[in-house]
Amino acid sequence: YHAKQNKLGGSASSVFYAGMDAERLTRSALRSRIDQALNNRELEIWYQPVWNDDSGYFRRCEALLRWPGESISIQEVIDAAEESELILRLGEFVVDEVCSFLASVPSHQEDLSVSINISPVQFHYQNLEHLIKSSCERYKLDPKRLMIEITERTTIENAELAGKVLSALKQMGLDLALDDFGTGYSSLSTLHELEIDWIKIDRRFVQDIDTNQNSYQIVNALMRMAQALDIRVIAEGVETDQEYATLRSLGVRMMQGYYHARPMNQQQLLAFLKG
Ligand code: C2E
Ligand code: MG
Ligand code: MG
Ligand code: MG
């Protein structure tokens, strides 16, 4: 792929890519395409609203990277980007886009807050505190309107560094969420030490909560643990009325999933929140 791309040059490589099955792209070819997409501003941030059952409102949403026109999964894009410095550029792009968007929302929607997914690689190789602080300053944005989502990989791969960065971010006023909870190995003491504000119950437990006793009991236990530790909970991937009802009965108040709202672009989000 490299030889061919070099011979064809930069602009021709998108033609080269268009003729290929996305799944057969090698990681390095995918990385060149991500590099291009960043340069050409092809990437977008979409927002998925989070339902709050107590207030009956959506006031929080999650920022999700999107690559319009490409059928490749964003998870694959992230995985490929994490093997190089591209993940840092992607991370900068996401923070900048989200801050710029939040600074532009109409004043009656100024209570909207956004959570941003942060790769473990960003903890190692990027000054996250500086990145977020300078972006908030540039857009005159209160950092309290941001939340960050990390996975258990972050807390495992470099616990000491992660702890330092997370506590600096907390001091700035950001909320911290542990994403995909239940799929890794976080202990109660980790949650406590890192001062995690939120856990997001992974979709795989929600998916079969009504058909699998184990999943039901795991969510039940997670809820009790979270209540004891004073940690708030968001259930991910809620798709049906029945899942919603079961989660409510277990005390889950915040839910994110296709049942309530799909990820959408900025304009759609503002219209959705208004309606
Ligand atoms: P995540 O952070 O756990 O995000 C939730 C994923 O679940 C999103 O997938 C969302 O579209 C999907 N989802 C939400 N509700 C439902 C539902 O009801 N049913 C189903 N089947 N899926 C639902 P998406 O957007 O494909 O993102 C996948 C993963 O890629 C994310 O998982 C996150 O780990 C990563 N990612 C996305 N955007 C970013 C980003 O800006 N930076 C980083 N570092 N990672 C990102
Ligand atoms: Mg997330
Ligand atoms: Mg998740
Ligand atoms: Mg994930």
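Residues numbered from 1 in each chain as written. Chains lettered and ligands numbered in written order. Predicted model: local features only at pLDDT ≥ 70, side-chain atom pairs only at ≥ 80, totals over all residues. Heavy atoms only, no water.

(A) Seen up close, the pattern of salt bridges. Applying the stated criterion across every chain yields a total of 20 salt bridges. Two residues, Arg-41 and Glu-97, come together in a salt bridge whose shortest N-O distance is 3.8 Å. Residue Arg-41 is located in the loop between α3 (27-39) and β1 (44-52), and its partner Glu-97 is located in helix α5 (residues 86-104); the two are separated by 56 residues in the primary sequence. Looking at Arg-41, the relative accessible area reads 57%, which means it is exposed. Exposure remark for Glu-97: the relative accessible area of 18% places this residue in the buried category. Connected through shared salt-bridge partners, Glu-62, Glu-149, Lys-200 and Glu-236 make up one network. (Salt bridge = Lys/Arg side-chain N within 4 Å of Asp/Glu carboxyl O. Helix = DSSP H or I, 4+ residues; strand = E, 2+ residues; numbered from the N terminus. Buried < 20%, exposed > 50% of the residue type's maximum accessible area, 1.4 Å probe, protein only.)

(B) A look at the site of ligand 1. Around ligand 1, the surrounding shell holds 22 residues, and the nearest of these are Arg-66, Asn-117, Asp-179, Glu-239 and Tyr-258. Taking Glu-236, its side chain carries an N or O atom lying 3.3 Å from an oxygen atom of ligand 1. One of the side-chain N or O atoms of Glu-239 is found 2.5 Å from a nitrogen atom in ligand 1. Protein chains shield 83% of the accessible area of ligand 1, which is 800 Å² for the free molecule. Breaking the shell around ligand 1 down by element, the ones donating at least two residues are β2 (57-66), α4 (74-81) and β5 (175-181). (Near = heavy atom within 4 Å. Polar contact = N/O pair within 3.5 Å; in protein donor to acceptor, adjacent residues only side chain to side chain. Areas by Shrake-Rupley, 256 points an atom, 1.4 Å probe, with all protein chains shown as cover.)

(C) Structural view of the nonpolar core. Membership of the largest hydrophobic core comes to 78 residues, with the highest contact counts inside it found for Ile-34, Val-98, Ile-132, Leu-146, Ile-148 and Ile-199. The element best represented in this core is α5, accounting for 11 residues. Leu-146 has contacts with Val-98, Cys-99, Leu-102, Val-114, Ile-116, Ile-132, Cys-136, Leu-141, Leu-174 and Asp-175, leaving out every residue within four places of it along the chain. Core analysis: the second largest hydrophobic core is formed by 6 residues, Ala-177, Trp-198, Ile-234 and Met-254 among them. (Core = buried A, V, L, I, M, F, W, Y, C linked by side-chain atoms within 4.5 Å. Contact = heavy atoms within 4.5 Å.)

(D) Seen up close, the coordination of the magnesium ion (ligand 2). Here the magnesium ion (ligand 2) is held by the protein donor atoms Glu-62 (OE), Asn-117 (OD1), Glu-149 (OE) and Asp-179 (OD), which lie 2.0 to 2.2 Å from it. Donor residues binding the magnesium ion (ligand 2) come from one chain and are separated in sequence as E-x54-N-x31-E-x29-D. The metal-metal distance between the magnesium ion (ligand 2) and the magnesium ion (ligand 3) is 4.2 Å, with Asp-179 coordinating both. Of this pair, Glu-149 sits in strand β4 (residues 146-150) while Asp-179 is found in strand β5, placing the two residues 30 residues apart along the sequence. Neither Glu-149 nor Asp-179 differs from the other in exposure class; each is buried. (Donors = N, O, S within 2.8 Å, 3.2 Å for Na, K, Ca; no water.)

(E) Here's a closer look at the sheet that holds β1. Ordered by their spatial adjacency, 8 strands build a closed barrel running β1-β2-β3-β4-β5-β6-β7-β8, and the pairing between neighbours is mixed. Neighbour-to-neighbour, the strand axes of this sheet turn through a mean angle of 30 degrees, independent of strand direction. Of the pairings in the sheet, the one linking strand β3 (residues 113-117) to β4 comprises 4 bridges and is parallel in character. The residue of β4 that forms the bridge with Asn-117 is Glu-149. Along the sheet face, helix α12 (residues 213-229) touches β5, β6 (198-201) and β7 (232-236) and points at about 175 degrees away from the line of β6. (Pairing = 2+ DSSP bridges. Axes fitted to C-alpha atoms, helices over the stretch in contact; angles between N-to-C directions.)

(F) Looking closely at the coordination of the magnesium ion (ligand 3). The protein atoms donating to the magnesium ion (ligand 3) are Asp-179 (OD), Asp-180 (OD), Glu-236 (OE) and Glu-236 (OE), with metal-donor distances spanning 2.0 to 2.5 Å. Spacing between the donor residues of the magnesium ion (ligand 3) along the chain follows D-D-x55-E. Residue class for Asp-180 comes out partly exposed when judged on its relative accessible area of 26%. Its relative accessible area of 12% is what places Glu-236 among the buried residues.

(G) Structural context of the packing of aromatic side chains. Tallied over the full model, the rule gives 4 aromatic pairs. Measuring from centroid to centroid gives 5.4 Å for Tyr-244 and Tyr-259, while their planes differ by 35 degrees, and the two rings are tilted. Highlighted residues: Tyr-244 in helix α13 (residues 241-249) and Tyr-259 in the loop between β8 (254-256) and α14 (266-274), separated in sequence by 15 residues. What makes Tyr-244 buried here is its relative accessible area of 14%. (Phe/Tyr/Trp six-rings, centres within 6.5 Å; stacked < 30°, edge-to-face > 60°.)

(H) Structural context of the side chain of Glu-236. Within the secondary structure, Glu-236 is located in strand β7. Contacts of Glu-236, omitting those with residues within four sequence positions, involve Glu-62, Asp-179, Asp-180, Lys-200, Ile-201, Asp-202, Arg-203, Val-206 and Gln-256.

(I) Spatial organisation of α4. Burial in α4 covers these residues: Val-77, Ala-80 and Ala-81. The buried residues of α4 occupy an angular sector of 100 degrees when the element is viewed end-on, so they sit on one face. Buried residues along α4 sit against α3 and α5. (Arc of directions from axis to C-beta.)

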